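# Observations on the model geometry
Listed here are the chains, written in short residue letters.
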Amino acid sequence: MDYNLKSIATCVATVAIMAAGAASAESVINIAGWGAQSGPLRSFGVNSNAVIQAAVKRVNEEGGIRLADGTMATLAYEYHDSACNAEQAIAVARRVASSDVLVGIGPTCSGAAAAMFGVFQKQVDDASDTGLQLPILTDTAVRNGLAKISQWTFRNTPNEPAMYDNLWEWIATNQPDLKTIYGGTETDQGHSNGTYSKVIVQAAIRHGFTWAPGDLEGLTGDIASGFEAVLDSSANWLQADTNFAVQARAFRKSGADVLIVSSHPFTTCGMLKEMSRQRIEPGLIVGLTSSSSAEVMKGCPDEAEGMIIPTSFAPITDAAAEVAALANENGGDADLHSAAAWENVMIIKQVIEAVGITGDASMVAQERRAIRDGLEALTETEGLLGTITRNQAEGEALKPYVFVQAQAGGWVVVHDPR
Amino acid sequence: MNIDHIDVIQALIDGILYGSTYALLGLGFTLIFGAMHKLNIAYAASSIAGAYVGLASISVMAIPPILVFFIGPLSAGAIGLVIYFACFRYMPTGNQLAPLMASIGALFFVDEIIIHETSGSPLSFPALLPDSYFFLGQFGIRGDLVMVMFFSFVLMGIVMFLLYRTKLGLATRATSQQSVAALLCGIPTHRTNATTFVLAGILGGFAGCLIAAAVGVLSPLITLPLTIKGLIVTVIGGLGSIRGAIIAGFLIGSFENIFLLVRGVNERDIYVFLLLFVFLVFRPNGLFGTAIDRD
């Protein structure tokens, strides 16, 4: 009798496991990621892919995504190469939109994102607009105000106006002897250029700093005020430049207490090395968000010493440290850009479970719309550094951030305003 | 910011010194053009690739950083040979565009390999003379660039010696001037061309290492701009002219810096390209080039 009961129980359990296995094998939610896997900005895509891979694995290890009928579906994803190139990003978006993918994460670079978002339907339910209708939740592309291009596009990237405003306030409070500012940027890089000339300098002016060479026409504390004058008066460079002698000399000549180096890692290192050669020692160097990465520490750890940057990622919580380790295992780095991809996968899971998706391949259009609406309705999520609130009118995130400083070859958190 | 005469002179000094890196690249372009009358567009990319191999070697083998300046040139020489066989040796001789297009393909191929191996991340490169910045009165001078300038003159001397005082040089010039006649005289033209590519590669690898040391950072971002600068230097100096390449390198470096100072970075390259057009229209043979319409 015991033997029969055990046999029956074993059979039932086996059938249940097989049924569950069959069910989960049948139910797959497809998402797609894309970014630079080739070209000079490949590191963005490598890092982003490494983090998404880890996040998808984690979701599936924890049982997958709960569908509307209560069964669990596996999350499947594919990463495409858009090379930080606008045409390629648009081509990938069109290809993905014609598949059964329910939501996309990409395309890493701001320039590609700006162009790509433009081919999406601007306003939902606008029958006259035949733009793509696929929800996109972007990491990395940080240039201000991109998500509002389309109601299908959402971002989980740092809010630079808030971060730099707080940074200058903190500097003004803690180092009151620093009064004047000067700097430069990569003028052919939309993010560096825009953030420098419209956000960083204005935030400094707002907190009482003055432009070292003299007052600039139209420059007030308002975002984007006098940005053309700022660019004209600054010592700028291009993102592939190799000679920074003239710019560094202008930095020296300005005599500013605080120097702003608003660029991505390659020219940040080139400029910092030239400043070091010319023995320029300002009271403080402020960098662009994107330079708070491992690349600067690989390229010029000594010259970056002391530079302060606000960032929305640092491995200072258990969750963030774990993601950093997982990204390394997958051959990438978790930084302020790529770490957001982890949060994006978790947000997608949260939204899919909240809106109730069937996973039925014949309902892709309706389910994409439901996910889009779910993303729009989302007001708050848990991120790696804490709670992320969302400004849904613009599809943007307000992420927690910290200030990091280059110290002894690493980034050290010097202020945590969370 | 106000610009005074000190700024202008300083920009000129910096430009001439930095122009020596362009001169080195122009020298390599010139050597290959002089030998084959063909442009190797992948030249700067293979030079930078050599620097990358040197950097990887010292990192992996934990050998003294100075060895990067030996391993880099040798690697670039080997890459130069591969490019010769891939893009020039077997291309139809009557089709002038084929090797040009092939070498453009090789430029992007080499660049992409670098990008894949490094994820595009900038890598710190050992400086030649890290603390060699000194002042002459009010003017700052970079000691490492003075050394690059010194090397550019030494290498120019070596190249001229090789071309005009050795059998290889004689063979190269003969092959360049009339390859069929050279072949009839018993000169192994293919081997001569291959040797020229290796020598130019070694020269380029050394230039690549010096450029990386001068910048302090290596990145695949720099290959395309250096290719363009190298070509401009070669054309302005006069295709095939060694001293022209050196002088044009200094000229472009100083021109670039002056316009950067006076007009800003967004207009800088416009004037450099304008200078190229002026030369192409009014002096197509460059500063020291021979007549283009040879037989």
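This structure is a prediction, so every number in the text was calculated from the model and none was measured.

A separate point is the environment of R155 of chain A. All names here are of chain A. Mapped onto the elements of the fold, R155 is located in strand 6 (residues 153–155). Distance from R155 to R42, taken between C-alpha atoms, is 20 Å for residues 113 residues apart in sequence. A distance of 2.5 Å separates a polar atom in the side chain of R155 from the backbone oxygen of A141.

Let's shift gears to the pairing of strand 7 (residues 180–185) of chain A. Residues and elements named next belong to chain A. With six of six residues buried, strand 7 is to be regarded as a mostly interior element. Residues T180, Y182 and G184 line one face of strand 7 and the alternating positions I181, G183 and T185 line the opposite face, and both faces are buried. Strand direction decides the pairing type here: strand 7 and strand 8 (residues 210–211), joined by two bridges, are parallel. Bridge pairing in strand 8 places T180 opposite T210. For the crossover that starts at strand 7, traverses helix 6 (residues 190–206) and ends in the parallel strand 8, the hand is right-handed.

To continue, consider the packing of aromatic side chains. Applying the stated criterion across every chain yields a total of 20 aromatic pairs over all chains. Ring plane angle 85 degrees and centroid distance 6.3 Å describe the contact between F69 of chain B and F125 of chain B, whose orientation is recorded as edge-to-face. Residue F69 of chain B is located in helix 3 (residues 68–89), and its partner F125 of chain B is located in the loop between strand 1 (123–124) and strand 2 (133–136); the two are separated by 56 residues in the primary sequence. Of the two residues, F69 of chain B and F125 of chain B, both sit in the buried class. Three or more aromatic residues joined by ring pairs make a cluster, and in this case those are Y182, W211, W237, F244 and F251 of chain A.

Moving on: the packing of helix 2 (residues 42–61) of chain A against helix 12 (residues 318–329) of chain A. Residues and elements named next belong to chain A. Here helix 2 crosses helix 12 at 110 degrees, and the two axes come no closer than 8 Å. One element, helix 2, and the other, helix 12, form an angle in the roughly perpendicular class. Handedness of the helix 2/helix 12 crossing: right-handed. Listed contacts from helix 12 to A50, V51, A54 and R58 of helix 2 are E322, V323, L326 and A327. Taken together, the residues of the contact of helix 2 with helix 12 break down into six nonpolar, no polar and two charged.

All names here are of chain A. What the domain assignment reports for chain A is domain 1 (2–157 + 317–398) and domain 2 (160–311). Summing the contributions of domain 1 and of domain 2, the shared interface buries around 930 Å²; its carbon and sulfur component is 61%. Considering only the side of domain 1, the residues that lose the most area to domain 2 are V142, N144 and L336, jointly responsible for 44% of the buried surface there. Of the charged contacts, one joins K298 and D333 as a salt bridge, the two residues approaching to 3.9 Å between their closest N and O atoms. Across the domain 1-domain 2 interface, the total number found is two residue pairs in polar contact (both at pLDDT 80 or more). A breakdown of the residues in the side of domain 1 that touches domain 2 according to their chemical character gives three nonpolar, four polar and three charged.

Cis geometry is found at the peptide bond from G106 of chain A to P107 of chain A, where omega equals 5 degrees. For P107 of chain A, the position within the fold is in the loop between strand 4 (103–105) and helix 4 (110–117). Residues other than glycine seldom take positive phi values, yet A83 of chain A does so here, at roughly 55 degrees. Here A83 of chain A is to be found in the loop between strand 3 (72–81) and helix 3 (86–97). With phi around 60 degrees, S119 of chain B is a residue other than glycine that occupies positive phi space. Owing to a relative accessible area of 16%, S119 of chain B belongs among the buried residues under this scheme.

What counts and what doesn't
Residues numbered from 1 in each chain as written. Chains lettered and ligands numbered in written order. Predicted model: local features only at pLDDT ≥ 70, side-chain atom pairs only at ≥ 80, totals over all residues. Heavy atoms only, no water. Helix = DSSP H or I, 4+ residues; strand = E, 2+ residues; numbered from the N terminus. Polar contact = N/O pair within 3.5 Å; in protein donor to acceptor, adjacent residues only side chain to side chain. Buried < 20%, exposed > 50% of the residue type's maximum accessible area, 1.4 Å probe, protein only. Pairing = 2+ DSSP bridges. Right-handed = clockwise from strand over helix to strand, strands pointing away. Phe/Tyr/Trp six-rings, centres within 6.5 Å; stacked < 30°, edge-to-face > 60°. Axes fitted to C-alpha atoms, helices over the stretch in contact; angles between N-to-C directions. Parallel < 35°, antiparallel > 145°, perpendicular 65-115°, else oblique. Left-handed = near helix turned anticlockwise from the far one by under 90°. Contact = heavy atoms within 4.5 Å. Nonpolar A, V, L, I, M, F, W, Y, C, P; charged D, E, K, R; others polar. Domains from an automatic or database assignment. Buried area = accessible area lost by both parts, 1.4 Å probe. Salt bridge = Lys/Arg side-chain N within 4 Å of Asp/Glu carboxyl O.

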